[in-house]
Amino acid sequence: MKNLYRILFISIVVAAQIQTAQAKEGMWIPMLLEQLNQKEMQDMGMRITAKDIYDINHSSLKDAILLFGGGCTAEIISDEGLVLTNHHCGYRSIQSHSTIEHDYLTDGFWAMNRNEELPNPGLTVTRLVRMEDVTQQMLEGITQSMSEKERESVLKINGDKIKAEAEKENHYKAYVRAFYYGNEFYLFVTEVFKDIRLVGAPPSNIGKFGGDTDNWMWPRHTGDFSLFRIYVNKDNEPAEYSKDNVPYKPLYSIPISLKGVKEDDFTFIFGFPGRTQEYVPSYAIEMITQMQNPTRIALRRQKLDIYESFMIDNPKVRIQYSAKYASLSNGWKKWIGEDKGIRKLNGIEKKQDYEKAFRQWVDASPERQKEYGELLNELNDVYNRTTDVQKQFIYLLEAGLGIEIVKAARQLTPLVELSQKPGVTDEELEKAVTKTKKNIGKFYKDYYQPIDQKVFVKMLQTYGDNAPEENRPAVFELIDTKYKGDIAKYAGEVFDKSMFSSEEKVNAFLAKYKKQKYKKILKDPGYQLANDFITYYRNNIQTQRAQLNTELDSLMRIYMKAQMEMEPGKRFYPDANSTLRVAYGKVKPYYPRDAVFYEYQTTLKGIMEKEDPNVYDYVVEDKLKELYANKDFGKYGEDGRMPVCFIATNHTTGGNSGSPALNADGELIGVNFDRDWEGTMSDLMFDPDQCRNIMLDIRYFLFIVDKFAGAGHLVDEMNLVE
Ligand code: ARG
Ligand code: ASP
C-alpha cells in the first residue's frame with residue numbers, strides 16, 4: 001500500500017512536469033526572475049534579460065507598469081506620460097463624464113489636444129519604485145508558541161517600522177505584503193500619481209464589442225482599450241490635480257511592435273494579478289464550487305434579469321446601470337465558468353489525490369506526524385464551519401446590501417453618528433452635511449427607483465427563503481408579523497415613506513438639517529432596514545468570520561510551508577495578492593470541447609460576421625465597415641487582414657486586465673483583458689490545455705486610434721518598432 005501511494009505521488013509530480021514543459025503556470029515575483037525564471041524564459045524564446053524587466057539601479061520595463069485605480073493594470077506608452085489600459089478599466093471614468101448630450105460611453109471620446117484631456121478626481125495610478133524581501137525583519141520577535149493574535153500584533157509593529165523607514169524623506173508610499181500565506185514578506189515602495197486625465201476611448205460598440213454576451217469567451221473581437229495621461233508638478237513628481245500640472249516624463253515607456261504574433265511565439269504579461277488560491281485543500285474547492293459560486297450565481301441572475309428588463313428600451317437607464325450591470329454580470333459569468341472548469345478537470349478529486357499523497361508523506365516521519373498529523377482534519381473542520389457563516393454572509397452582501405435604497409441610507413450613517421456626539425459644533429455638522437450631499441448626488445446620478453423596488457422585493461424574497469429562522473436579520477420578523485409575509489406590500493411602504501427613494505427628498509431633508517434631526521433619520525424605514533442588516537452583520541457574522549479567518553490563516557500558513565517541504569525541488573510561485581508579477585507562456589490555439597478547435601487569432605472579418613444591427617452587443621459602426629470594405633488598414637494590417645485579438649498560455653487573473661502583453665524583445669504586442677471560459681478555474685487550478693489569456697492585438701488598437709478615430713497625433717507620440 002505504501003508503495004502504491006508513493007507511485008501515485010511520483011506520477012502526479014511527473015505528470016505535472018510534463019504538462020509544464022509547454023505552458024508555464026505561475027505568476028512570478030519580478031525581483032526573483034533572474035534566479036528562478038530567466039533561463040526557462042530564454043529557453044522558451046525570450047531575447048532580453050531579467051534585468052531588462054526588473055532593475056532598481058537602471059530604468060527597466062517595470063517603470064512603465066502601473067497599478068490603475070485599485071484593481072487594474074496599465075502601462076506607459078509614450079515619453080509624455082500616455083497610459084494605456086482596458087476600456088473596462090477606464091469604464092467608470094468614461095461613464096462619469098457621460099451624459100445623454102455627451103455620451104462618451106456610446107460615442108467614444110478623443111482629446112484632440114492636451115486642453116481637452118479630462119481630469120478624474122479620485123483616480124490614481126501607482127508605480128513600483130522597488131521591492132525588498134523583509135521576511136527576517138518581519139519575523140523578528142515572533143515565536144512558535146505565540147497565539148495568532150500576538151503574532152499579528154508583532155507583525156503590525158514590525159511592518160509599521162519598515163514602512164516608516166521606507167517613507168522617510170521621500171514622497172513614496174510603502175507597504176508590506178505577506179506571501180505564501182505569511183511564510184514570507186516583501187516590502188513595496190511605490191509612487192502614487194493623482195492627476196490622471198482621460199485622453200481617449202473608443203465607442204462602446206468597439207471597446208465593449210460583444211458586451212457581456214462575449215465576455216469571458218474566446219473567440220473575441222473586443223477593442224478593449226482606453227487612454228489616459230499622467231500629469232505631475234514642475235518637478236516631475238506626483239501632485240493633486242492642478243491646471244498648472246504638466247505631462248509626466250517617465251523613466252521608461254514601452255516600445256510598440258508592429259511585427260505581430262505567430263503560433264508558439266514567446267509572450268509575457270507584466271501586471272497586478274489580484275487573487276488566486278492555488279494551494280488550498282479540496283475542502284476549499286468544495287466550498288467555493290458547491291456553495292459559494294452557485295449561491296452568488298443565482299442571486300446575481302435575478303438582479304441582472306431585472307436590470308435587463310428596464311435597460312432594454314430606456315437609454316437613460318442603460319447609461320445609469322451599464323457599469324453596475326457589467327460588474328454584476330462579470331462575476332456571474334466567471335463563477336459559472338469556474339464551476340464547469342473544476343468539474344471538467346475533476347478538480348476536487350485531483351486535490352483529494354494530492355492530499356492522500358500528502359498524508360502518506362506526513363506518515364512517513366514521526367516529526368512530520370507531530371507537526372502536520374492533524375493539519376488536514378483541522379482544515380476540513382474549519383471549512384465546514386466557514387461554509388455556513390460564509391453562506392449567510394453572501395446573502396447579506398448580495399441580497400441585503402445589494403439593495404440600492406439600503407446603500408443610499410448608509411450614506412447618512414456618518415452624519416447620524418456625528419450628530420449624536422456630545423459637544424459637536426455647528427461647523428463640524430455643516431461640513432458633514434456638505435459631504436453627505438456630495439455623496440448623495442453621486443449616488444442618485446445613477447439611480448432608477450423602479451429598478452430598485454423590483455430588486456428589493458426579489459432579493460428579500462430569496463434571502464428570506466434561505467435564511468434560517470434563528471439566524472436572520474430582524475426585518476424578516478417584521479415582514480412576517482406586520483405584513484403577513486407580503487414583501488411587496490412592505491416594499492411599497494418603504495419606498496413611499498422613506499426619504500431615500502428619491503434625491504429630492506433627501507436633499508430637502510439635508511437643506512434644513514439640524515443636530516436633533518438625526519432622530520428623523522433613525523425613524524426612516526429605509527434607514528431602519530439598513531440598520532437591521534448592519535446590526536445582523538455585527539452580531540451574527542463579523543466576529544464569527546474574523547475568528548474563522550484567523551484559524552484558517554494559521555492553518556494555511558502551516559499547510560503552505562508543509563507543501564513546500566514535501567516538494568523541495570519544485571519552484572513555488574506565491575498566490576496572487578495584487579502585487580506586481582510576471583507570467584509567461586506561448587501563443588497557442590486550443591480545443592475547448594470534443595472536436596472543436598479554436599484558432600489563436602481573430603480578425604476584423606469576425607466582427608463583420610458577428611454584426612447584427614438589432615442586437616446591442618453586435619452593432620458595428622459604418623466607419624468601421626467602410627475601412628473594412630476598403631481594406632484600409634494602413635500599416636497595421638497583415639496580408640490584407642486586420643488582426644483584432646489573440647490568446648496565449650499566460651497565467652493571469654482579475655487585476656491583470658490592462659497588463660501589457662510583451663514579445664521576446666520586451667516590446668508591446670497586446671493588452672491583456674480576459675480569459676477563456678473553459679479556463680476561468682485557473683484562479684484555483686491551472687490547466688495548460690484549457691487556460692488561455694485573451695489579449696487585444698496592439699495593431700488593432702493603433703488602427704482604431706489612427707484610422708477610425710483620426711487621432712493620429714497620439715500615435716505620433718508612441719515609439720513604433722517595425
Ligand atoms: N471578464 C473581464 C474581467 O474579468 C472583463 C470584464 C468587463 N467586461 C464586461 N463585459 N463586463 O475583468
Ligand atoms: N478581466 C479580468 C480583469 O479585469 C482579467 C481576468 O480575470 O482574466 O482583470
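Provided above is the structure to which this section pertains.
The rules behind the values
Residues numbered from 1 in each chain as written. Chains lettered and ligands numbered in written order. Predicted model: local features only at pLDDT ≥ 70, side-chain atom pairs only at ≥ 80, totals over all residues. Heavy atoms only, no water. Patch = residues over 30% accessible without salt bridge, like charges linked within 9 Å, V, L, I, M, F, W, Y side chains within 5 Å. Areas by Shrake-Rupley, 256 points an atom, 1.4 Å probe, with all protein chains shown as cover. Salt bridge = Lys/Arg side-chain N within 4 Å of Asp/Glu carboxyl O. Lys, Arg positive; Asp, Glu negative; His and termini not counted. Charge placed at Lys NZ, Arg CZ, Asp CG, Glu CD. Helix = DSSP H or I, 4+ residues; strand = E, 2+ residues; numbered from the N terminus. Buried < 20%, exposed > 50% of the residue type's maximum accessible area, 1.4 Å probe, protein only. Near = heavy atom within 4 Å. Polar contact = N/O pair within 3.5 Å; in protein donor to acceptor, adjacent residues only side chain to side chain. Nonpolar A, V, L, I, M, F, W, Y, C, P; charged D, E, K, R; others polar. Expected span 1.5 Å × (residues − 1). Bend = angle between axes of the 7 residues up to and from the residue.

Trainee: Where do I start with a positive patch on the surface in this structure?
Mentor: Together, Lys340, Arg343, Lys344 and Arg593 make up a region of like positive charge exposed at the surface. Take the positive patch: its biggest share by element is 3 residues, from helix 12 (residues 315-344). Following the sequence through the fold, Lys344 ends up in helix 12. Among the residues examined, Lys344 registers a relative accessible area of 51% and is labelled exposed.

Trainee: How should I be thinking about the site of ligand 2 in this particular structure?
Mentor: Near ligand 2 you find His88, Trp216, Thr653, Gly654, Gly655, Asn656, Ser657, Phe673, Asp674 and Arg675, and these make up its full shell. One of the backbone N or O atoms of Phe673 is found 2.9 Å from a nitrogen atom in ligand 2. Protein contact buries 91% of the 270 Å² of open area that ligand 2 shows by itself. Here the element with the most residues in the shell around ligand 2 is strand 20 (residues 668-675); it accounts for 3 residues. Looking at the shell around ligand 2, its residues break down into 2 nonpolar, 6 polar and 2 charged.

Trainee: So what exactly am I meant to see when it comes to helix 11 (residues 282-311) here?
Mentor: Each α-helix winds once per 3.6 residues, and so residues spaced three or four apart point in a common direction. In this model, helix 11 (30 residues) spans 41 Å end to end at C-alpha, consistent with the 44 Å of a helix rising 1.5 Å per residue. The largest bend along helix 11 reaches roughly 35 degrees and is located at Ile288. Most of helix 11 is tucked away: 21 of the 30 residues are buried.

Trainee: What is the right way to look at unusual backbone geometry in this model?
Mentor: For residues that are not glycine, phi is negative in most cases, and the peptide bond is trans in most cases. Of note, the amide linkage connecting Trp218 to Pro219 takes the cis form, showing an omega dihedral of 0 degrees. Residue position: Pro219 is located in the loop between helix 10 (211-214) and strand 10 (226-232). A positive phi is found at Tyr181, a non-glycine position, where the angle reads about 55 degrees. The topology assignment puts Tyr181 in the loop between strand 7 (173-179) and strand 8 (184-193). Given the relative accessible area of 25%, Tyr181 is considered partly exposed. Positive phi values are uncommon outside glycine, yet Asn236 reaches one of about 65 degrees. Residue placement: Asn236 occurs in the loop between strand 10 and strand 11 (246-247).

Trainee: It is not clear to me how the site of ligand 1 should be interpreted in this structure. Could you clarify?
Mentor: Around ligand 1, a shell composed of His88, Lys208, Gly211, Asp212, Asn215, Trp216, Ala326, Asn330, Ser657, Phe673 and Asp674 is seen. With respect to ligand 1, the backbone of Ala326 contributes an N or O atom lying 3.5 Å from a nitrogen atom. Look at ligand 1: alone it shows 350 Å² of surface, and the protein chains cover 88% of it. The set of elements that each furnish at least two residues to the shell around ligand 1 consists of helix 10, helix 12 and strand 20. Residue composition of the shell around ligand 1, grouped by class: 3 nonpolar, 5 polar and 3 charged.

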